[in-house]
Amino acid sequence: MRFAFLLSILLVAIPVHAQMQIEKPWTRATAPGAKVAGGYMMIRNAGAAGDKLVSASSPAAARVELHVHVNDNGVMKMREVPGYDVPAKGIFELKPGGAHLMFMDIKQPFKEGENVPVKLKFEKAGEVNAEFRVGGMGSGAAPAGHAKH
Ligand SMILES: [Cu+2]
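Residues numbered from 1 in each chain as written. Predicted model: local features only at pLDDT ≥ 70, side-chain atom pairs only at ≥ 80, totals over all residues. Heavy atoms only, no water.

Some details on the coordination of the copper ion
Donor atoms from the polypeptide that bind the copper ion are His-67 (ND1), Met-78 (SD), His-100 (NE2) and Met-102 (SD), placed at 2.1 to 2.2 Å. In this structure, the copper ion is surrounded by four donor atoms whose angles at the metal cover 91 to 121°, and the resulting shape is tetrahedral. Each donor residue of the copper ion belongs to the same chain, and together they define the spacing H-x10-M-x21-H-x1-M. One end of the pair, Met-78, is in strand E5 (residues 75–80); the other, His-100, is in strand E8 (residues 100–106), with 22 residues separating them in the sequence. Taking relative accessible area as the criterion, Met-78 reaches 42% and is therefore assigned partly exposed. (Donors = N, O, S within 2.8 Å, 3.2 Å for Na, K, Ca; no water. Tetrahedral: all angles 85-135°; square planar, octahedral: opposite > 155°, others 65-115°. Helix = DSSP H or I, 4+ residues; strand = E, 2+ residues; numbered from the N terminus. Buried < 20%, exposed > 50% of the residue type's maximum accessible area, 1.4 Å probe, protein only.)

So, in structure tokens, the structure goes:
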């Protein structure tokens, strides 16, 4: 009984946010008039339980969708999905040609060198903020000198 009580205090005291790390969040500069942009990152789950990214939002876009690329008879297409599973002690990677955030109806062009703030919402870890570094137009990897978040 007493042990159970102590355990419950310990569980409450552990900050869950620290278990979810967002590494190298980045996006690309957009052409004038472009309305969408992709967002990429590495989600690292240091926790002992699996978690799921269920939504994302940003003041820079009307909404942010979670997309994957699927091969539809040899044609790569984007699909919206309800979430990304991040395994316990594991990673989930968003990268060009794979899973990505989709900034929809961006309010102004993304400019290289700027940061785009994004609020990520996980099923268990709750909200985690990340700054997506804007790389060059058409770049295929995270911009160099990227700060770790
Ligand atoms: Cu997309």
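Some words on the pairing of strand E3 (residues 51–57)
Summarising the sheet, E3 and strand E6 (residues 84–86) pair through three bridges and their orientation is antiparallel. The residue of E6 that forms the bridge with Asp-51 is Val-86. Strand direction decides the pairing type here: E3 and strand E9 (residues 115–122), joined by four bridges, are antiparallel. Counted as the bridge partner of Ser-55 is Lys-121 from E9. (Pairing = 2+ DSSP bridges.)

Considering the environment of Arg-63
By the secondary structure assignment, Arg-63 is in strand E4 (residues 61–72). Residue classification places Arg-63 among the partly exposed residues on the basis of a relative accessible area of 41%. Ignoring any residue separated from it by four or fewer positions in sequence, one finds Arg-63 in contact with Met-102, Phe-103, Met-104 and Asp-105. (Contact = heavy atoms within 4.5 Å.)

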